[in-house]
Amino acid sequence: MISVKNNLDNKLSDGNQILGEFPLLKNSEIQFEGKNNILYCEPGVTLLESNLEFKGDNAVIYLGKNKYEYKLSVVIHNDCVFHMGIHNYITQKMKVILSEQRHCFIGDSGVISWGVCIRNADAHLIYSCDTHIRQNPTRSVYIGDHVWIGQDCLLLKGTQIDSGSIIGAKTIVTGKNIPHNTIWAGNPAKQIKQGIFWDKDSVHKWKEDRTKSSQIYDDYIKAYHTNFHTDGWIFDYEEQAAVKYDDIDNSLNSLNGSQRKCEYLIKLNHSKKKNRFVHT
């Protein structure tokens, strides 16, 4: 096993690579146990109290540029991909476990609260007593742009969340296709509201005048975000803009080797349209 704790340790072997710009590591560690894995970082990546563990071969972790510090615990196995887009805010360390050549893709500008865990596989095998056919295949997890994941959420295999949506605290989501600009909560997750949007600003330190201005979003934007359009977080389906999660999954599954997977992600991130992750 090779462990990287700072850029002076960047003497990798067995085809493992750190590409893009070397991340700033603050009490963080990157471990390579397999072969031909890639950590790709866009400029401006800082890992705070994080651990990235490559437990197999040919896996990719792709981290987009971020004005916030990444707080991650990622365990990734053979041929899996973990992708985070730009400027996602993570309150406390998010746990991600990926297995069986399936993936987790997260878009841009999201908020991830405390205690969030993402898993794309069950740890053990489940079969039908009658047919002996496996009942729990591993499936990828996809999260669009500007998605708010609440405290202590558990996102499991097959979950697909479109842009602009909110997952309420302590929600468990398994295999759901969640439409854009909706709120889901509960166990199992159910739709609570539709036709909503949310803003990334935090109210914790606000005084009365800012609270008053926030009651109507147009007034709030005019006072505090003059360069932002009031419909900036309202998404809609556009056939020409839409990128299907299943198409991403099929592409990642069809590409042999971590290098080709990484190149595909780089190309995918070169062109971003607002409504790319809206499917209905």
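Coordinates for the structure precede this section.
Residues numbered from 1 in each chain as written. Predicted model: local features only at pLDDT ≥ 70, side-chain atom pairs only at ≥ 80, totals over all residues. Heavy atoms only, no water.

**Q** I keep staring at the overall build of the chain and nothing clicks. Help me out?
**A** Scanning the chain from N- to C-terminus turns up four helices and 24 strands. Against the compact-globule benchmark of 19 Å for 280 residues, the chain has a radius of gyration of 19 Å, which places it among compact chains. Expressed as lengths along the three principal axes of its C-alpha atoms, the size of the chain is roughly 60 × 55 × 35 Å. For the chain, with 280 residues in total, the buried portion stands at 46%. Within the chain, residue pairs in contact and separated by at least 24 positions form 32% of the contacts whose partners lie at least 6 positions apart. Only carbon and sulfur atoms are counted for the fraction: they give 48% of the accessible area of the chain, which is about 14300 Å². Distance between charge centroids for the chain: 2 Å, based on 33 positive and 32 negative side chains. (Helix = DSSP H or I, 4+ residues; strand = E, 2+ residues; numbered from the N terminus. Rg over C-alpha atoms; globule rule 2.2 N^0.38 Å. Buried < 20%, exposed > 50% of the residue type's maximum accessible area, 1.4 Å probe, protein only. Contact = heavy atoms within 4.5 Å. Areas by Shrake-Rupley, 256 points an atom, 1.4 Å probe, with all protein chains shown as cover. Lys, Arg positive; Asp, Glu negative; His and termini not counted. Charge placed at Lys NZ, Arg CZ, Asp CG, Glu CD.)

**Q** Could you clarify how one ought to interpret the pairing of strand β12 (residues 94-98) in this entry?
**A** Regular strands have side chains that alternate between both faces of the sheet. Taking every second residue as pointing to the same face, the buried face of β12 carries Met94, Val96 and Leu98, while none of Lys95 and Ile97 on the other face is buried. Here strand β9 (residues 72-76) pairs with β12 via five bridges, running parallel. Bridging across to β12, Val75 finds its partner in Ile97. With three bridges connecting them, β12 and strand β15 (residues 117-119) associate as parallel partners. (Pairing = 2+ DSSP bridges.)

**Q** Any chance you could explain the sheet that holds strand β5 (residues 38-41) here in plain terms?
**A** Strand pairs in the sheet, formed through backbone hydrogen bonds, run parallel or antiparallel to each other. Judged by pairing direction, the sheet is parallel, and its eight strands sit side by side in the order β2-β5-β8-β10-β13-β16-β19-β22 without closing on themselves. Looking along the sheet, the strands with just one partner apiece sit at the ends: β2 (17-20) and β22 (177-178). Strand direction decides the pairing type here: strand β16 (residues 141-143) and strand β19 (residues 160-161), joined by two bridges, are parallel. Bridge assignment links Ile143 to a residue of β19, and that residue is Ile161. Of the strands in this sheet, β10 (81-84), β13 (104-106), β16 and β19 touch helix α3 (residues 245-254), which is tilted by about 130° from β16. Along the sheet, helix α4 (residues 258-268) makes contact with β2, β5, β8 (60-63), β10 and β13, crossing β8 at roughly 25°. (Axes fitted to C-alpha atoms, helices over the stretch in contact; angles between N-to-C directions.)

**Q** It is not clear to me how the nonpolar core should be interpreted in this structure. Could you clarify?
**A** Leu63, Leu72, Phe82, Met84 and Met94 are the most contacted members of the largest nonpolar core, which has 43 residues in total. Residues in contact with Leu72, not counting those within four places in the same chain, are Glu49, Ser50, Asn51, Leu52, Leu63, Phe82, Met84, Ile90, Lys93 and Met94. (Core = buried A, V, L, I, M, F, W, Y, C linked by side-chain atoms within 4.5 Å.)

**Q** Explain the sheet that holds strand β17 (residues 148-149) here, please?
**A** Spatial ordering of the open sheet is given by β11-β14-β17-β20-β23-β24, a layout of six strands whose pairing is mixed. Each edge of the open sheet is held by one strand with a lone partner, namely β11 (89-90) and β24 (190-194). Where β11 lies against strand β14 (residues 111-112), two bridges are found, and the strand directions are parallel. Within β14, the residue paired with Tyr89 across the bridge is Val111.

**Q** It is not clear to me how unusual backbone geometry should be interpreted in this structure. Could you clarify?
**A** Most peptide bonds are trans, and most residues other than glycine sit at a negative phi. The omega torsion across Asn187 and Pro188 is 0°, close enough to zero to call that bond cis. Here Pro188 lies in the loop between β23 (182-185) and β24. With phi around 50°, Asn27 is a residue other than glycine that occupies positive phi space. Tracing the chain through its elements places Asn27 in the loop between β3 (24-26) and β4 (29-32). Positioned with a positive phi, Asn36 is a non-glycine residue whose angle comes to about 60°. Relative to the helices and strands, Asn36 is located in the loop between β4 and β5. Judged by its relative accessible area of 35%, Asn36 falls in the partly exposed class.

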